2 protein chains.
Amino acid sequence: MEGFNLELSEQPESLEQILVDCRDTLKYGVRTGHPRFFNQLSTGLDIVGLAGEWLTSTANTNMFTYEIAPVFVLMEQLTLKKMREIIGWPDGEGDGIFSPGGAISNMYSVMIARYKFFPEVKTKGMAAAPRLVLFTSEHSHYSIKKACAALVLHSYCLEGRVIPADLEAKVIEAKQKGYIPMFVNATAGTTVYGAFDPINEMADICEKYNMWLHVDGAWGGGLLMSRKHRHKLNGVERADSVTWNPHKMMGVPLQCSAILVREKGLLQGCNSMCAGYLFQQDKQYDVTYDTGDKAIQCGRHVDIFKFWLMWKAKGTVGFEQHIDKCLDLSTYLYNKIKNREGYEMVFNGEPQHTNVCFWYLPPSLRDLPDGEERRERLHKVSPKIKAMMMESGTTMVGYQPQGDKVNFFRMVISNPAATRSDIDFLIEEIEQDLN
Amino acid sequence: MEGFNLELSEQPESLEQILVDCRDTLKYGVRTGHPRFFNQLSTGLDIVGLAGEWLTSTANTNMFTYEIAPVFVLMEQLTLKKMREIIGWPDGEGDGIFSPGGAISNMYSVMIARYKFFPEVKTKGMAAAPRLVLFTSEHSHYSIKKACAALVLHSYCLEGRVIPADLEAKVIEAKQKGYIPMFVNATAGTTVYGAFDPINEMADICEKYNMWLHVDGAWGGGLLMSRKHRHKLNGVERADSVTWNPHKMMGVPLQCSAILVREKGLLQGCNSMCAGYLFQQDKQYDVTYDTGDKAIQCGRHVDIFKFWLMWKAKGTVGFEQHIDKCLDLSTYLYNKIKNREGYEMVFNGEPQHTNVCFWYLPPSLRDLPDGEERRERLHKVSPKIKAMMMESGTTMVGYQPQGDKVNFFRMVISNPAATRSDIDFLIEEIEQDLN
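Residues numbered from 1 in each chain as written. Chains lettered and ligands numbered in written order. Predicted model: local features only at pLDDT ≥ 70, side-chain atom pairs only at ≥ 80, totals over all residues. Heavy atoms only, no water.

Asker: Before we go on, may I ask you to explain the UniProt feature "modified residue: N6-(pyridoxal phosphate)lysine" (unreviewed entry) in chain A in this structure?
Answerer: Residue and element names in this part refer to chain A. Mapped onto this structure's residue numbering, the UniProt feature "modified residue: N6-(pyridoxal phosphate)lysine" (unreviewed entry) falls at Lys248. Tracing the backbone through its elements, the reader meets Lys248 in the loop between strand S7 (241-244) and strand S8 (257-261). Setting aside its immediate chain neighbours within four residues, Lys248 contacts Leu41, Ser42, Ala218, Trp219 and Ser414. (UniProt positions renumbered as here; feature names shortened; annotations may be inferred. Helix = DSSP H or I, 4+ residues; strand = E, 2+ residues; numbered from the N terminus. Contact = heavy atoms within 4.5 Å.)

This is the structure in structure tokens:
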């Protein structure tokens, strides 16, 4: 905040000062588009997507009605149908909407499921429903638990990657306690490990016990575009709802997240409030094109155009190449470090997504015996290295602890501009920073 | 959809085709920035705001952590503080966050209030809370009822502009039924009439019965910037939370909505899930700057920069002039039509906001006696006129029925580029279109 006056004043600034402010904002910002920015699941800067976002903000309109966003509404409809076809729902039938991010998309799925099972909750409140239970793994995204807290469901947590027998045991346990098992979340690409839950086996259990199956593919959904990798989501066509964020693995500028629903009418049924001032039934066009009454929002940002334009410009094959390239690169990293001195992998086997999780042990730690001292010192390594990277401004990569595991690095690759030399650079940086 | 190929293909389109697509998208779109677009509460296109949005999408980052959005996080903090000062909370203390629109901001307020009164709901679900009741007027925005449905609260609806004695009677009734009165929503600028609920009197009742007072100033909050008009929100400083959408009356490009909370710590307490992979406590900076754990979202779009940049460029006085100008213009419209032949006002007295609600009676209807036939024919007038406007592409204005009132026009002005001649033009259009 030194040397950059952020304060807002009574009087206007000069245009010159505004331009200085813009330059400073970019100067002190973080270059998330740089191929050595590995810190988040959303990275890169697609130039067609950027052009799309610029046009979107110039159009400055709102998705809630067809009358003020006719082109964008049609694009959204068509793109959602295409995504449902790729999921594998017959003829791409179903419903969906773009929402302000994966957490909100996941919240939609829980709301819709609750409405499907207990529609009276909408008007009669919590007294109308029995104790509803949701099942998700401890590695699933925290937004699932946030949705539970907001929508007052009980959540049962499963350990690690979902093991179908564990899930079934928990379902039976919940029933015995008098709860109603209602919702199962299968994560397709967990945030930290990039692991895929076994969707088909979970779908079997959902069918058996009449539960809603949601696939959270915020991170892994993009793999559906790749003939080589889409098998990791086998069974996704059996889901009742799917979260899929093009702003992650497909490189669409932020924000771009879709919730897709297999059964038509639920989104509308769950969320409609029939606001007369906005969704008049006597308009001169087919008002089923108005999307606002499906949304939990009123006004809704136009997130579709940049995505649609990128799809036009790259084609389906372009997204496939993007995804295959990123996954190849993570295999390159994995092969480079799996037997390298000073590295330990956090989980066994090849990564399923671009997540590669590892500890780096500086030379001084390598001969320490396993034990509390080693753990404590290792826990401090990745924060220290990351701090050095940020101060020098060379590269950025995330770290975290998980369960009883001390801090480790989580590498993710979603920017197709990244190359092997960027991976090599990262490894050099890690190794040179600390002894 | 004729002559504009929206279909997405396997193979990429040429760059030339992409440019054609961009041009067509703008060509078939609706010019929401045009000074004769009166259809929504968000209109206009501020050029500095647009530049801000372009820079934002170029930076393509995420608000959840300081480490990847340091400048934007500081700007948000500072701007929210400024807004709280303008509300009148001592030293601008409190908390807040930008959310993807007024509906989500209102949902935040209900969630936070529920957490404040019954924090156990977060972990124990619906069994932890008694039957909670929310009070709002029938003219309040439908998102309040959506939040109730989502968060399983009961809602009590009050007629018209809130009358404090009615509110108190309903509170007493709810208590007698064994409910817990918890939340009162005061609308500052209703969507259709632009009416302001009496905040001070409602605050008295909230204090007496220990209820949360929320002010939904999505539409009317902007008037706080005007020394001439801010008295309409007198008492707002007594609210526990305030929704305020700069993307409406202040002309900021979509989306830009803030939820402001008087008590610190509630946003975090209500929403935090402490995701270890994102909000590590051992970062090398003060992690209280990370905003993600306050949000119901995970990733969060950067909505602050365009607003901050506009504030820099216009100064507080610039927003004041913008607002005063729009309100003057609505007074001009009101004075022009209140006694004009063929017009009937929907409510008595000068408008409090820029909303002017009226029926236009074509000559053939003017001599009809009051009764069912007149009502039925009048109901069809505004849809017909609007359809003609849309087909000729000259201007756009909203209409709706409300309660037992048949369709009427709702004029709103939020674009400072609109002038008296645009108002005159609108009246000519209305009168020439139909006999």
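Asker: Even after reading the chapter, I still don't get the pattern of salt bridges, so can you show me in this structure?
Answerer: Between side chains of opposite charge, a pair can form as their charged atoms come close. What the rule picks out here adds up to 52 salt bridges over all chains. With its nearest N and O atoms 3.6 Å apart, the salt bridge here joins Lys177 of chain B to Glu173 of chain B. Given a relative accessible area of 53%, Lys177 of chain B falls into the exposed group. Between Glu207 of chain B and Arg238 of chain B there is a salt bridge, and its shortest N-O distance comes to 3.2 Å. In this pair, Glu207 of chain B is assigned in helix H8 (residues 199-209) and Arg238 of chain B in the loop between strand S6 (212-217) and strand S7 (241-244), connecting sequence segments 31 residues apart. On the basis of relative accessible area, Arg238 of chain B is assigned to the partly exposed category, the value being 22%. A cluster of three or more residues bridged by salt bridges with shared partners is formed by Glu67, Lys283 and Asp290 of chain A together with Lys386 of chain B. (Salt bridge = Lys/Arg side-chain N within 4 Å of Asp/Glu carboxyl O. Buried < 20%, exposed > 50% of the residue type's maximum accessible area, 1.4 Å probe, protein only.)

Asker: Just checking my understanding: could you explain the interface of chain B and chain A for this structure?
Answerer: By a widely used convention, the size of an interface equals the accessible area lost when the partners come together. Counting residues at the interface gives 116 residues for chain B and 116 residues for chain A. Roughly 10300 Å² is buried in total at the junction of chain B and chain A, and carbon and sulfur atoms are behind 64% of that figure. Put simply, chain B and chain A have four salt bridges between them. The salt bridge partner of Lys312 of chain A is Glu13 of chain B, with a shortest N-O separation of 3.3 Å. Seen at the junction of chain B and chain A, the total is 48 residue pairs in polar contact (both at pLDDT 80 or more). (Buried area = accessible area lost by both parts, 1.4 Å probe. Polar contact = N/O pair within 3.5 Å; in protein donor to acceptor, adjacent residues only side chain to side chain.)

Asker: Can you walk me through the relation of the copies chain B and chain A in this structure?
Answerer: The operation relating the two chain copies consists of a rotation about an axis and a shift along that axis. At an RMSD of 0.0 Å, chain B and chain A line up after a rotation of 180° and a shift of 0.0 Å along the axis. In short, the pair behaves as if placed about a two-fold rotation axis. (Least-squares fit on C-alpha atoms with pLDDT ≥ 70 in both.)

Asker: Sorry, what's going on with the sheet that holds strand S11 (residues 396-402) of chain A here?
Answerer: In any sheet, the strands associate via hydrogen bonds between backbone groups, in a parallel or an antiparallel arrangement. Residues and elements named next belong to chain A. Strand order in the open sheet formed by five strands is S1-S11-S12-S10-S9, with mixed pairing between adjacent strands. Edge positions in the sheet fall to strand S1 (37-38) and strand S9 (343-345), since each of these pairs with one other strand and no more. Bridging between S1 and S11 involves two bridges; their strand directions are parallel. Bridging from a neighbouring strand, Phe38 pairs with Val397 of S11. Packing against the sheet, helix H12 (residues 372-379) makes contact with S9, strand S10 (356-360), S11 and strand S12 (405-411), and its axis sits at approximately 35° to S12. (Pairing = 2+ DSSP bridges. Axes fitted to C-alpha atoms, helices over the stretch in contact; angles between N-to-C directions.)

Asker: Looking at this structure, I do not really get the pairing of strand S3 (residues 132-137) of chain A. What am I missing?
Answerer: Side chains on a regular strand alternate between the two faces of the sheet. Residues and elements named next belong to chain A. The buried fraction of S3 is high, at six of six residues. Side chains of S3 alternate between two faces, with Leu132, Leu134 and Thr136 and Val133, Phe135 and Ser137 buried alike. The sheet contact formed by S3 and strand S5 (residues 180-187) spans four bridges and is parallel. Among the inter-strand pairings, Val133 is bridged to a residue of S5, identified as Pro181. In the sheet, S3 pairs with strand S4 (residues 154-158) via five bridges, with the strands oriented parallel. From the neighbouring strand, Val133 faces S4, where its bridge partner is His154. A crossover links S3 with its parallel partner S4, the connecting element being helix H6 (residues 142-150), and its sense is right-handed. (Right-handed = clockwise from strand over helix to strand, strands pointing away.)

Asker: Where do I start with the packing of aromatic side chains in this structure?
Answerer: Centre-to-centre distance and the angle between the planes together describe a pair of aromatic rings. Evaluated as defined, the whole model comprises 37 aromatic pairs over all chains. On the basis of an interplanar angle of 40° and a centroid distance of 5.3 Å, the ring pair of Tyr66 of chain B and Tyr289 of chain B is categorised as tilted. On the criterion of sequence distance, the pair formed by Tyr66 of chain B in the loop between helix H2 (47-59) and helix H3 (70-87) and Tyr289 of chain B in the loop between helix H9 (266-271) and helix H10 (304-337) is long-range, its members being 223 residues apart. On the basis of relative accessible area, Tyr66 of chain B is assigned to the partly exposed category, the value being 22%. Given the relative accessible area of 25%, Tyr289 of chain B is considered partly exposed. Taken together, a centroid distance of 5.6 Å and an interplanar angle of 40° make the contact between Phe358 of chain B and Phe409 of chain B tilted. Highlighted residues: Phe358 of chain B in strand S10 (residues 356-360) and Phe409 of chain B in strand S12 (residues 405-411), separated in sequence by 51 residues. Here Phe358 of chain B matches Phe409 of chain B in class, with each residue buried. Lying over the aromatic face of Phe425 of chain A, Arg36 of chain A brings its terminal NZ or CZ to 3.8 Å of the ring centre. (Phe/Tyr/Trp six-rings, centres within 6.5 Å; stacked < 30°, edge-to-face > 60°. Lys NZ or Arg CZ within 6 Å of the ring centre and 35° of its normal.)

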